[in-house]
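Spelled out, the chains give:
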Amino acid sequence: MTALLSALAGRLDKGAILVGDMVGAAYSSDATDEVGAVPHAVLRPRNTADVSLILSTCNEFHQPLVLQGGRTGLAGGARPQPGELALSLERMTALEPVDTDAATITVGAGATLQSVQEAAEAAGLFFGVDIGARGSCTIGGNVATNAGGIRVLRYGMFRAQVLGLEAVLADGAVLTSLKGLPKDNSGYDLNQLFIGTEGTLGVVTRACLKLHPLPVSQANAFCAVPSLAAAQALLAALRQELGSLLSAFEVIFPVVYEGVVAGGFAAPPVPVGAGLYVLTEIQGQDEARDGDRFAAALMAACEAGLVEDVIVSQSPRDYRGLWALREACSAFIFSMDHMIGFDVSAPAHGIGAFLSDADDRVVRVDPAAKPYVFGHLGDGNLHYMVQSHAHDAVADAVFDAVAHCGGAVSAEHGIGLDKKRWLPLVRSPAEIATMRRLKHVFDPKSILNPGRVFDMAPGLAGEA
Ligand SMILES: Cc1cc2nc3c(=O)[nH]c(=O)nc-3n(C[C@H](O)[C@H](O)[C@H](O)COP(=O)(O)OP(=O)(O)OC[C@H]3O[C@@H](n4cnc5c(N)ncnc54)[C@H](O)[C@@H]3O)c2cc1C
């Protein structure tokens, strides 16, 4: 370790290596409740050349690294394990000027999501991904986890925003593909290797991101609906009536809504007592007509009995207030002890069956357990949260229900350290074997985020 750090110290600037008391507690954990090891050192490169030097040196010394962006991850991927050094991208925050002709922006991996959203808006454009952790999460972390959020329905996951990447491999080789071409079939698209692979195949250092027209009209509505079936029928009706105007469709189950209201986390737009609550949004380019189309579609849904009560935003203040209520769901959930989080998805036709199956299985293993559900119904992705002391038994129960319905054990947050045990429920042995082979090719000594997503099979576990 000493030899490695002195090899780096001579070639990096003073702020690049933190050791001892300089390593703050924040570097030991992500946004889960678990606290990891204190890394012996935190390496903080300023640029891609520094990252390349750090990786080639660590590779030479067989030194494992945990990669860290904003540490807002919810799967333990950025949480240090004993013996790992932390590689933090926190100083690589540069934003290049927006290219308004191409509608792209190229940014450093350490730039926060919010800084990209703001830069896009300042140039009269819009960035398509938004998540609650926007102020702290980084573009590198968003790429590595293929982040989703509230507008996947309209703009797609993070993958759909990436036009190019720069990444550094474990041996220090730099792959730069930042031309930003919307169409490029010249050989393999290597960028895809680094999206959603949770830092196991390389370190993302820069990204060229796609921007969209800034919406001219924007409104949201909060609906009380009688049931999940009604919410699904409402989604289908709004899709049909509004097409690409529809930008978000979120659900909040009564137990969450009642908790948010009772705990004073946000003001209730409609009274409690409904079967389910929906927050939906439009973003469009026709200021004169979009609002009317939205109102007409909601009115038709009321007449069809799909909606019992609805509040439509009339001002930016109303609009922000309704979104604040949705974000208050996370605050309410995070405020409770012994909450086990599941970020799962199910096929659209099987969501109702998944929920009753999961509820049954959970209560069977822990009769005192209490499920809390909210999330991105428009994408078939629910945050199924359970308050229980029986962590492992409840996790087995929920993931068995996910596997049974043909869903995903992680829709957004990734597998990290915390969910790898359940990956074989939804990925075949051949798929996992292929993931391991890729890891071995790109990182034969297993120095990048070892043990995240899956463990290496004996024999592929890192060359001596
Ligand atoms: C309040 C709250 C709301 C959230 N809402 C959502 C949501 O709606 N949708 C969603 O998808 N997620 C959500 N998240 C989870 C989290 O914000 C995302 O997973 C985010 O993309 C993580 O970014 P980060 O920079 O914090 O990454 P980190 O937590 O630092 O790291 C996440 C993973 O990426 C790896 N990594 C980080 N940087 C790099 C890099 N430069 N190169 C390679 N690998 C890297 C890490 O090793 C780790 O495996 C939420 C989290 C919180 C706390």
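Structure: above.
Summary of the structure given here. (Residues numbered from 1 in each chain as written. Predicted model: local features only at pLDDT ≥ 70, side-chain atom pairs only at ≥ 80, totals over all residues.)

### Some remarks on the sheet that holds strand β9 (residues 203-210)
Read across the open sheet, the 4 strands follow the order β5-β9-β7-β8; overall the sheet is antiparallel. Single-partner strands in this sheet number two, and they are β5 (104-108) and β8 (174-177). Within this sheet the neighbouring strands show an average axis-to-axis angle of 15°, counted without direction. Pairing of strand β7 (residues 162-168) with β9 involves 6 bridges; the strand directions are antiparallel. Among the inter-strand pairings, Leu-165 is bridged to a residue of β9, identified as Ala-207. (Pairing = 2+ DSSP bridges. Helix = DSSP H or I, 4+ residues; strand = E, 2+ residues; numbered from the N terminus. Axes fitted to C-alpha atoms, helices over the stretch in contact; angles between N-to-C directions.)

### Considering the site of the ligand
Around the ligand, the structure places 37 residues, and the nearest of them are Gly-69, Gly-77, Gly-140, Gly-141 and Gly-199. Of all the elements in the fold, those that place two or more residues in the shell around the ligand are β3 (65-68), α4 (139-145) and β9. Partitioned by chemical class, the residues of the shell around the ligand number 13 nonpolar, 19 polar and 5 charged. (Near = placed C-beta within 6 Å. Nonpolar A, V, L, I, M, F, W, Y, C, P; charged D, E, K, R; others polar.)

### Topic: the environment of Leu-238
Relative to the assigned elements, Leu-238 resides in helix α6 (residues 228-242). When the C-alpha atoms of Leu-238 and Ile-282 are compared, they prove to be 9.9 Å apart, with 44 residues separating the residues in sequence. Contact partners of Leu-238, with chain neighbours within four places excluded, come to Leu-246, Thr-280 and Ala-297. (Contact = placed C-beta atoms within 7 Å.)

### A short note on helix α3 (residues 113-122)
Those residues of α3 that sit buried are Leu-113, Val-116, Ala-119 and Ala-120. Seen end-on, α3 carries its buried residues on one side only, within an arc spanning 130°. In the core, the buried residues of α3 are packed alongside β5, β6 (125-126), α4 and β9. Looking one or two residues beyond α3, the residue adopting positive phi is Gly-124, at roughly 80°. (Buried ≥ 20, exposed ≤ 12 C-beta atoms within 10 Å, placed from the backbone. Arc of directions from axis to C-beta.)

So yeah, pure geometry; function would need other evidence.
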